[in-house]
Amino acid sequence: MLDNETMRIALGGVSLTVLVLFYLGVYRPTRSSFSGWWSVSLLCAGSATTLLLLNGSALQVVANPVSNVLSVIGVTCVWFATRSLRRRRLPRWVLAVSPVLILIPTLLQSPADNIWAGNGPLFTYMGVLFAAGSLEVWIAWHARRSRTDYEPNGEAVVALLVSAIASSVLGAFYLLRSLLFFVVGPESPTFETIVGTGPTTGILLVTLVAVTFSVSAVGWDQQTQELRTRAMQDDLTGLLGRTEFRLQAERAFVDARSAGTGALLVMADLDHFKAVNDAHGHAAGDRALLTFAATVKDSLTPGELAGRLGGEEFGLVLLEVDAVGAVARLEAMSTAFAARSDKHDFELPTVSYGVAGLADGVAAAEIFERADVALYRAKADGRDRAVAYTQEFGQDAGFAMRRRATDQARVIDSDAPTRRG
């Protein structure tokens, strides 16, 4: 059986070695948020363990408090890494506050001659943060395994499962360690046998080795997902891009038909958008697009879709609503959009909408065409309105000619950034 000092040397050495390999092999090429926070946590863990080798020396008075602070920062970074898996907000203030909250009791408990100074609050904090991290990873694992929009990365799913199990073990272990610290005390044989320095170092070594491969796979997978997200999204508005919107809309149509529920496609176009650019500049035009995108996001219900199809044109998929209800919702959306004009130094444009519902035997491409036809009708009827497609539109020869003329004018006027104006 190795003594505690030897095990600590081994843990510190393994942590720092893994840090170097992980930094060079994962963080530098991917720059993913997960791998970045994990690298910092490894640095803190290795340094904190190494400092504990100074117990019993004159430097213990400094080494122990610094070790506690590094342990707090390390476990906080582990929690941040797990939160980044779902792109959740990182409360960075915790990195400033938590070390102070642990340092105070450490200094008050004579770290010069008490190797357990501040360890009670430290163990509690570590247990809570590891448990919170494990919850994040379990949720990420479940979501990753359940993705239906593309084939799940099997290696990443297994890596998340291993990481979830490891973080759960560490959370339970440190919460037990905290409990026994306060109930029986760190000098108790029970404490030393179950959660003392030896068992703790062993647990950390095993879990570190177990997750080394896993976190590498997760780091690379996170970069892949981020690249895919950027490819899916419109750079300016954050809505779905044209290609991804069409793909997801087609899946939504299939699902709605299978479930026997309603789904409507909406094409939206900002009226006279070129005039905004000409009068106020392209930065103002971008602000108008961003404001409309924010209004759309606020108006959608869970499961509904929104994308930017190009220029000032947007697409929406509305669920569980008929044409009359959709027109009412779109009118309310326009009202909400117009109300945001007071936040700008120019008046926001109005919006025209074309609405098309699912019909038996009608392919997705035809649904898009019908919504486009309805949008042209809204433009032709005076703009600033929502129009639902009817069969009469396709039979209106005069309207078809006007639409073709508008298409031809748009091609000739290639300098104009708008689609319809």
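Scope of this entry: the structure provided in the associated data block. Quick caveat: nothing in here was measured; it's all calculated off a predicted structure.

Some words on the environment of V61
Argument step 1. Here V61 shows up in helix α3 (residues 60-84).
Argument step 2. Counting along the chain gives 45 residues from V61 to T106, while the straight-line C-alpha distance between them is 10.0 Å.
Argument step 3. Apart from residues no more than four positions distant in its own chain, V61 is found in contact with P111 and A112.

Focus: a nonpolar patch on the surface
Argument step 1. Together, L176, L179, F182, V183, V184 and I194 make up a nonpolar patch on the protein surface, roughly 540 Å² of accessible area in all.
Argument step 2. Sort the elements by how many residues they give to the nonpolar patch and helix α6 (residues 154-183) lands first, with four residues.
Argument step 3. Residue position: V184 is located in the loop between α6 and α7 (189-195).

Details of unusual backbone geometry
Argument step 1. At E320, a position not held by glycine, the phi torsion is positive, near 50 degrees.
Argument step 2. With respect to the element layout, E320 can be found in the loop between β3 (313-319) and α12 (323-339).
Argument step 3. With relative accessibility at 60%, the residue E320 sits in the exposed group.
Argument step 4. Phi is positive for R383, close to 65 degrees, though the residue is something other than glycine.
Argument step 5. Following the sequence through the fold, R383 ends up in the loop between α13 (364-380) and β5 (386-388).

Here's the deal with the pairing of strand β4 (residues 351-357)
Argument step 1. Judged by how many residues are buried, β4 sits mostly within the fold: six of seven residues are covered.
Argument step 2. In this structure, strand β1 (residues 263-270) lies alongside β4, joined through seven bridges in antiparallel fashion. Along β4, the bridge assignment pairs M267 with G354.
Argument step 3. When β4 meets β5, the two strands line up parallel, connected through three bridges. The residue of β5 that forms the bridge with Y353 is A386.

Here we look at the sheet that holds β1
Across a sheet, paired strands are connected by hydrogen bonds in the backbone, their directions being either parallel or antiparallel.
Argument step 1. Overall, mixed pairing links the five strands, which are arranged β2-β3-β1-β4-β5 in an open sheet. If you trace the sheet from one side to the other, it starts and ends with β2 (305-310) and β5, each paired once. Going from strand to strand, the sheet's axes swing by 20 degrees on average, the running direction of each strand aside.

What counts as what
Residues numbered from 1 in each chain as written. Predicted model: local features only at pLDDT ≥ 70, side-chain atom pairs only at ≥ 80, totals over all residues. Heavy atoms only, no water. Helix = DSSP H or I, 4+ residues; strand = E, 2+ residues; numbered from the N terminus. Contact = heavy atoms within 4.5 Å. Patch = residues over 30% accessible without salt bridge, like charges linked within 9 Å, V, L, I, M, F, W, Y side chains within 5 Å. Areas by Shrake-Rupley, 256 points an atom, 1.4 Å probe, with all protein chains shown as cover. Salt bridge = Lys/Arg side-chain N within 4 Å of Asp/Glu carboxyl O. Buried < 20%, exposed > 50% of the residue type's maximum accessible area, 1.4 Å probe, protein only. Pairing = 2+ DSSP bridges. Axes fitted to C-alpha atoms, helices over the stretch in contact; angles between N-to-C directions.

So yeah, pure geometry; function would need other evidence.
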